[in-house]
Each structure stands twice: as C-alpha cells, then as structure tokens.
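Summary of the model geometry
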Amino acid sequence: DCFLDSSTAPDIDTRKVVGSVRCVKETDLGKARAKNEPLPITINVGVGPGVYFAAACPSGAAPVDTDELGIASVFQGSPLELVPGDTSDVELVANAMYGLECEILPDEFCDEGPFAEVTGLYATRDARPKIKIKAIHHRRYPVFHTLLSGVEVFNSAGLLAEGHLQALLPKQVPGIKDIYMSHGGCGVFHAIIQMTKTHNGWPKNAIMAAFAAFNMLKMVTVVDDDVDIRNPSDVEWAMATRLMPAT
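Residues numbered from 1 in each chain as written. Predicted model: local features only at pLDDT ≥ 70, side-chain atom pairs only at ≥ 80, totals over all residues. Heavy atoms only, no water.

Concerning the confidence of the model for the protein chain
Mean pLDDT over the protein chain stands at 85; residues scoring 70 or higher make up 89%. Note that residues 1-12 has pLDDT below 50 and, in this model, 33 contacts with residues that lie over four places away or in other chains. (pLDDT = per-residue confidence, 0-100. Contact = heavy atoms within 4.5 Å.)

Some remarks on the packing of aromatic side chains
Overall, the coordinates contain two aromatic pairs when judged by the stated rule. Measuring from ring centre to ring centre gives 5.7 Å for Y98 and F144, while their planes differ by 50 degrees; the resulting arrangement is tilted. With Y98 in strand β7 (residues 98-112) and F144 in the loop between β8 (126-138) and α4 (151-172), this residue pair connects regions lying 46 residues apart in the sequence. K218 extends its terminal NZ or CZ atom over the ring of F189, reaching a point 4.8 Å from the ring centre. (Phe/Tyr/Trp six-rings, centres within 6.5 Å; stacked < 30°, edge-to-face > 60°. Helix = DSSP H or I, 4+ residues; strand = E, 2+ residues; numbered from the N terminus. Lys NZ or Arg CZ within 6 Å of the ring centre and 35° of its normal.)

Some remarks on the packing of α4 against helix α5 (residues 202-213)
Direction vectors running N to C along α4 and α5 enclose 140 degrees, while the axes themselves pass 10 Å from each other. On the basis of the axis angle, α4 is oblique to α5. Two packed elements cross with a definite hand, and for α4 against α5 that hand is right-handed. For the pair α4 and α5, contact is made by H164, L165, L168, L169 and Q172 and by A206, A209, A210 and A213, respectively. (Axes fitted to C-alpha atoms, helices over the stretch in contact; angles between N-to-C directions. Parallel < 35°, antiparallel > 145°, perpendicular 65-115°, else oblique. Left-handed = near helix turned anticlockwise from the far one by under 90°.)

This is the structure in structure tokens:
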C-alpha cells in the first residue's frame, strides 16, 4: 500500500511532474526494483470511507496478500467499482474525485518534510520514493480530499485497530468486555481494555495478547468493568486508586 502525503504538495516539481510517495508495504516495489523497472500505481483521491478504512486495516487483520478492495466492498455494502486506466493495467476507483496514474521510479528518491505527523510533532526530513505522474483524471467539479493529522487519523486508524482487537482478544482471554484505542495514544499507541476479572493473571494475559495482536501498541491498560474506558478521568481514577504495584 502506498500513501501520497498531501503535505508533500509544495515539493512537487511541476516541470518534471513528479512527487514523493510513502510506501508502507514494499513487496511489489521490491520486485520492481529487482527488475530495475518502474512500478505502476494509481492514486485515488476523494473516495468513499470504505476505501479509507480498508487502507487503514492493521496488518494482522489484512496481511500483504489480502484483497483490501474486497474489504472496502464489505464496508460500503456493495462491490467497489473500478475503471481501467490509460497508461497501465492498474485500475482506478471509479467514483474518486481525482485519479492519478503514476509509476514509482526504481531507486529514485526525493526529500520530504518536515511536516506534521499523527503524534502532533514534526517528522524529520527524509528521502521518499519518487513517482512520476503520467495521467490525471477528475470529476467535473472535484474536491481534493485529505486527512488532517490528529483526530481524523485517531478515529480512522483507532476504529480499525479496535475492531481487530475486539475480534481476537475475547476469544483468547475470558472476561473482556470492551476495548478502546485512546485519543491520548493517537488512536494506535494505547489500548484500554475493560474486563471482568475472575482469575488472577487474566489481566496480564489480556495485555500480552493485545501486544501480540497489534504491533503499533506501546501501552495497554486494563481496568474493571465498572470503569468508563472512554473517559480519561475515570481511567486515571481507576489506576490511581486500584493499581497495586506490588501485585
């Protein structure tokens, strides 16, 4: 999966029609590099929420060989409509506001940043794979849609992470009632688990299971079933009044 970072727009050289792209899964890109060939891709801007949710699926729920377009179809309740491009065999999302036919150039990079990240901090300036835009399609009155770093990402990424953990953890650890990816943890770094503890050791098992299920986690907090896990003050109260470090 590749993400066109909208914050790179000032870096796009319109004379060469290139931009930079951030690649998360480099399986196909690695194969293209091995052949010293460009990798054809399409970048679809302004699509339905199902496509965004599918792209944000954790790798544990959507491994590299998973059909993420199928996941998008499930989210929207109907098959995702695609259309052929003009320059390659890679299709475009039919109803996107913009569809860019591109290719990632092998072993060519351009600097990106520093720009705001989901943590609220600036990322360092770094080299990203360079792309060449070969064709641009758009609707009659297009709107360029982007996600802002912050709550929009917390909600989209957190929702998918919660769903992934909700599907796995209750099967592994009895007593789990609810799971919340907190906004304080940027939607991906901190999971709060509500559970009914009937055996010693189960909360620790829940913590270990969460870390194993979602590799972006840095913190996992387990609280009793009378604690509102979506209320930061309630969670802090439970930790301050019920946490026993010695045990």
